[in-house]
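# Chains, contacts and geometry: an overview
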Amino acid sequence: MTSLPTRLRSLMLALVLAGLVPALPAQAAVTVTFYGHEGNRVQNGWLLFPHAFVHLHGTLESNGLPVDYAVGFTARSPGPQLLLFSDRGILKRPEPAYIADGIAYLSVVISDETYEALRGRFDYWASAEGGTYNLNSRNCIAFVADIAGVVGLETPDARTLSPNGFLKDMVRMNPPASLAGIEHHAVAG
């Protein structure tokens, strides 16, 4: 006679094979996507400037909590004074429509430990110590380069004013097999 646990295992296996019960819970993971926004155009009465930002989305493996956080670094008071002076920078969350209008260049699946390290970097960029904005050297591109470094990506020189050019170069420097969990979205050309 078959023991009860063996019968239960057989029943569970049959239910899984029939598709009535999932075999295993879905693998939890957070993905970081690197975005560029072309800018230099007017939309809804606003002049859009070129910009780079990141979007973290997914589920933490350790506790199952969802993650949906997009952020970029920008000047607190944008304007022509930034051509001559540094200013206080801020982390700014883009609206969903802005994200949808952006260009996703590259995504990387990260561990919970890397997620925590990124949270620490976000705190640094939001602090008085790390929050100085300079158009030529501490801008949205420098922020994205810093985040890419924490994730383990190779980055080009961040001293540029072309977010999309920077991101295209970053895609070229990080071919699909160069890092586990890496996925290219935009053409690097």
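Heads up: these notes are all about the structure in this document. (Residues numbered from 1 in each chain as written. Predicted model: local features only at pLDDT ≥ 70, side-chain atom pairs only at ≥ 80, totals over all residues. Heavy atoms only, no water.)

### As for the pattern of salt bridges
For clarity, the threshold we go by: In what follows, salt bridge is the name for a side-chain nitrogen of Lys or Arg lying within 4 Å of a carboxyl oxygen of Asp or Glu. What counts as a helix is a DSSP run of H or I of at least four residues, what counts as a strand is a run of E of at least two, and both are numbered from the N terminus.
Summed over all chains, the structure comprises four salt bridges. Salt-bridge contacts for Arg 76 lead to Asp 87; the nearest nitrogen and oxygen are separated by 3.4 Å. You can see Arg 76 sitting in the loop between β5 (66-75) and β6 (87-92) and its partner Asp 87 sitting in strand β6, a full eleven residues away along the chain. Measuring nitrogen to oxygen at the nearest pair gives 2.5 Å for the salt bridge that ties Asp 169 to Arg 172. Of this pair, Asp 169 and Arg 172 both sit in helix α5 (residues 163-173), three residues apart, roughly one helical turn.

### Some thoughts on helix α3 (residues 112-126)
Just so we agree on the cut-off: Given the number of residues in a helix, its expected span is that number minus one, multiplied by 1.5 Å. Here the term buried applies to any residue with accessible area under 20% of the maximum for its type, exposed to any over 50%, and partly exposed to those in between, with areas from a 1.4 Å probe on protein chains only. Directions from the helix axis toward the C-beta atoms define the arc.
Here α3 spans 21 Å end to end across 15 residues, near enough to the 21 Å set by a 1.5 Å rise per residue. Of the residues making up α3, those classed as buried are Asp 112, Thr 114, Tyr 115, Leu 118, Phe 122 and Trp 125. Buried residues of α3, seen end-on, are gathered within an arc of 150° and therefore sit on one face of the element. Exposed side of α3, more than 90 degrees from the buried face: Glu 113 and Asp 123 are the residues found there.

### A look at the nonpolar core
The nonpolar side chains of a soluble globular protein tend to be buried, and buried together. Which entries qualify depends on this criterion: Nine residue types can take part in a nonpolar core, namely buried Ala, Val, Leu, Ile, Met, Phe, Trp, Tyr and Cys, and a core is a set of them joined through side-chain atoms within 4.5 Å.
Of all hydrophobic cores here, the largest spans 38 residues; its most connected members are Phe 34, Val 54, Leu 56, Phe 143 and Leu 153. Put simply, the parts of the chain that give this core at least two residues each are β1 (30-37), β4 (51-59), β5, β7 (103-110), α3, α4 (140-151) and α5. Ranked by residue count, the leading element in this core is α4, at nine residues. Formed by five residues, the second largest nonpolar core is a distinct cluster that contains Tyr 35, Phe 53, Tyr 98 and Ile 99.

### With respect to the side chain of His 55
We count it as follows: Nitrogen and oxygen atoms within 3.5 Å of one another constitute a polar contact, given that in protein one can donate a hydrogen and the other can accept it, and given that sequence-neighbouring residues count only through two side-chain atoms. Any pair of residues with heavy atoms lying within 4.5 Å of one another is described as a contacting pair.
Secondary-structure assignment places His 55 in strand β4. On the basis of relative accessible area, His 55 is assigned to the buried category, the value being 12%. Within the structure, His 55 has its side chain in polar contact with the side chain of Asp 68 (distance 2.6 Å). Not counting the four nearest positions on each side in its chain, His 55 is found in contact with Thr 31, Val 32, Thr 33, Tyr 35, Asp 68, Tyr 69, Ala 70 and Ile 99.

Note that every value here comes from positions in space, so none of it alone points to a role or purpose.
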